[in-house]
Amino acid sequence: MSTPTPPETPRQESLIEYPSLFPIKVMGEKTDGLVHAISMIARQFDPAFDATTIELRESKGGKYLGITITVTATSREQLDELYRTLSTHPMVKVVL
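Residues numbered from 1 in each chain as written. Predicted model: local features only at pLDDT ≥ 70, side-chain atom pairs only at ≥ 80, totals over all residues. Heavy atoms only, no water.

Enquirer: I tried to follow the overall build of the chain on my own but got confused; where do I start?
Expert: Per the secondary structure count, the chain includes two helices and four strands. The helix and strand sequence of the chain, counted from the amino end, reads β-α-β-β-α-β. Here the contacts in the chain between residues at least 6 apart in sequence split such that 70% fall between residues at least 24 apart. (Helix = DSSP H or I, 4+ residues; strand = E, 2+ residues; numbered from the N terminus. Contact = heavy atoms within 4.5 Å.)

Here it is as structure tokens:
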């Protein structure tokens, strides 16, 4: 006796409605140029990115810096590529 196959559910591409403001947290060692580098990457993917909205938070010991950027997300592909670009930057340790 064979087991019935469950009906397929349509794959939902994204739970995000586009366009929308999307916060991304980036962490790296607190070094000169980190915030500027993150801003430049954000601007590549969102030409209207406003650097004045960046939020910074130092680690307790002051060695690391948490940076929250808010970009206008226009597609899943844009966000995926932005995450890839941030994650592979040599100054970045973690992207959330």
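Enquirer: I tried to follow helix α1 (residues 34-45) on my own but got confused; where do I start?
Expert: Given 3.6 residues per turn, any residue in an α-helix points the same way as the ones three and four places further on. With 12 residues, α1 ought to run about 16 Å at 1.5 Å a step, and its terminal C-alpha atoms sit 17 Å apart, in line with that. Considered for burial, the residues of α1 that qualify are L34, A37, I38, S39, I41, A42 and F45. Contact partners of the buried residues in α1: β1 (20-29), β3 (64-73), α2 (76-88) and β4 (92-95). (Expected span 1.5 Å × (residues − 1). Buried < 20%, exposed > 50% of the residue type's maximum accessible area, 1.4 Å probe, protein only.)

Enquirer: Any chance you could explain the pattern of salt bridges here in plain terms?
Expert: Where charged atoms of side chains with opposite charge meet at close range, the side chains can pair. The tally for this structure, following the rule as stated, stands at four salt bridges. Of the charged contacts, one joins E58 and K30 as a salt bridge, the two residues approaching to 2.7 Å between their closest N and O atoms. With E58 in strand β2 (residues 55-58) and K30 in the loop between β1 and α1, this residue pair connects regions lying 28 residues apart in the sequence. Taking the relative accessible area as the measure of exposure, E58 reaches 43% and is therefore partly exposed. (Salt bridge = Lys/Arg side-chain N within 4 Å of Asp/Glu carboxyl O.)

Enquirer: Would you take a moment to explain the pairing of β1 for this structure?
Expert: Residues in a regular strand project their side chains so that they alternate between the two faces of the sheet. Where β1 lies against β3, 10 bridges are found, and the strand directions are antiparallel. Residue pairing in the sheet places I24 in a bridge with I69 of β3. Pairing of β1 with β4 involves three bridges; the strand directions are antiparallel. Note on β4: the bridge partner recorded for G28 is V92. (Pairing = 2+ DSSP bridges.)

Enquirer: Hey, could you run me through unusual backbone geometry in this one?
Expert: In most cases, non-glycine residues show a negative phi, while peptide bonds are predominantly trans. Cis peptide bonds are those with omega within 30 degrees of zero, and the linkage from Y18 to P19 qualifies with -10°. Along the chain, P19 falls in the segment before β1.

Enquirer: I tried to follow the packing of α1 against α2 on my own but got confused; where do I start?
Expert: Think of two packed helices as two axes; the pair is described by the angle between the axes and how far apart they sit. Viewed as axis vectors pointing N to C, α1 and α2 meet at an angle of 160°, and their least axial separation amounts to 10 Å. Between α1 and α2, the crossing angle belongs to the class labelled roughly antiparallel. α2 is crossed by α1, and the crossing has right-handed handedness. Where α1 abuts α2, its residues I38, I41, Q44 and F45 lie against Q78, E81, L82, T85 and L86. Of the residues assigned to the contact of α1 with α2, the class counts are five nonpolar, three polar and one charged. (Axes fitted to C-alpha atoms, helices over the stretch in contact; angles between N-to-C directions. Parallel < 35°, antiparallel > 145°, perpendicular 65-115°, else oblique. Left-handed = near helix turned anticlockwise from the far one by under 90°. Nonpolar A, V, L, I, M, F, W, Y, C, P; charged D, E, K, R; others polar.)

Enquirer: Looking at this model, I keep getting lost on the nonpolar core. Mind explaining?
Expert: Within the largest apolar cluster, 20 residues are counted, with the highest numbers of intra-cluster contacts made by I24, I38, I67, I69, V71, L82 and L86. Mapped onto this core, the elements with two or more residues apiece are β1, α1, β3, α2 and β4. Those residues in contact with I24 that sit more than four places away from it in its chain are I67, T68, I69, V71, L82, Y83, L86, V95 and L96. (Core = buried A, V, L, I, M, F, W, Y, C linked by side-chain atoms within 4.5 Å.)

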